[in-house]
Amino acid sequence: MNVSKVSRRSAIFLAVATIGLAAVPAAHAQQASPADAIVGTWQANDGSVKLDMFKEGPEFRARLLYGNQLMEADNVTFKKDAKNPDPALRSRSMKNVIFITGLHWNDGSWTGGALYDGSSGRTYNCQITMQGGKMNLRGYISALGQTRPSTAWAANSVIADMSSADGFPT
């Protein structure tokens, strides 16, 4: 009977210790960095662009998922990168082209990036700021530029996209 009490106590202690140890990594897990706030899928408020922001090494980049000026008339097929200054890249599809590179987190904003405009073949400087949960992407040359506000594209909006005629591929 004495052995039974010891075994039961040992088993309970072992179970509690195991649960406690399993919780330690979660308790000490590092909070998501504010720099990672732009990581994810974003859609321009006017519906003209959908992009996937991601982090690669120390820099943030974006892959083009949709662009209304980069689609063929069927609104499903991506155009070729025909205006690219590099002739070797002119036959590639614009689908999933990494068009934002070099962004770095810098005191509340992402700066130092380059934005490739496939519709013109030009590359612009870019920076991103967040305001009220919206991402503001600014492409510019010198002081002249344009800012495009974008909202996070949630996975549950796929259902809405499938039933709407907004032109976004699903």
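To be clear, the structure that these remarks concern was listed above.
Rules used throughout
- Residues numbered from 1 in each chain as written.
- Predicted model: local features only at pLDDT ≥ 70, side-chain atom pairs only at ≥ 80, totals over all residues.
- Heavy atoms only, no water.
- Helix = DSSP H or I, 4+ residues; strand = E, 2+ residues; numbered from the N terminus.
- Buried < 20%, exposed > 50% of the residue type's maximum accessible area, 1.4 Å probe, protein only.
- Areas by Shrake-Rupley, 256 points an atom, 1.4 Å probe, with all protein chains shown as cover.
- Core = buried A, V, L, I, M, F, W, Y, C linked by side-chain atoms within 4.5 Å.
- Salt bridge = Lys/Arg side-chain N within 4 Å of Asp/Glu carboxyl O.

J.: What is the right way to read the overall build of the chain from this model?
T.: Helix and strand content of the chain: two helices and eight strands. Walking the chain from its N terminus toward its C terminus, one meets helices and strands in the order α-β-β-β-β-β-β-β-β-α. Residues counted as buried form 29% of the 170 residues belonging to the chain. As presented, the chain carries roughly 10,700 Å² of accessible surface, and 57% of it is formed by carbon and sulfur atoms.

J.: Honestly, the nonpolar core in this entry has me stumped. Any pointers?
T.: Among soluble globular proteins, nonpolar side chains are generally buried collectively. In this structure, Leu51, Met53, Phe99, Ile100, Leu103 and Ile128 are the most contacted members of the largest nonpolar core, which totals 26 residues. Broken down by secondary-structure element, the contributors of at least two residues to this core are strand S1 (40-44), strand S2 (49-56), strand S3 (59-67), strand S4 (98-106), strand S5 (109-117), strand S6 (122-131) and strand S7 (134-141). If one sorts the elements of this core by residue count, S3 sits on top with four residues.

J.: What should I look at first to understand the pattern of salt bridges in this one?
T.: If the charged atoms of two oppositely charged side chains come close together, the side chains can form a pair. Applying the stated rule across the entire model yields four salt bridges. For Arg63, the salt bridge is made with Asp52, and the minimal N-O distance between the two is 2.9 Å. Of this pair, Arg63 sits in strand S3 while Asp52 sits in strand S2, and the two are 11 residues apart along the sequence. Residues joined by salt bridges that share partners form a network here, namely Glu56, Glu59 and Arg61.

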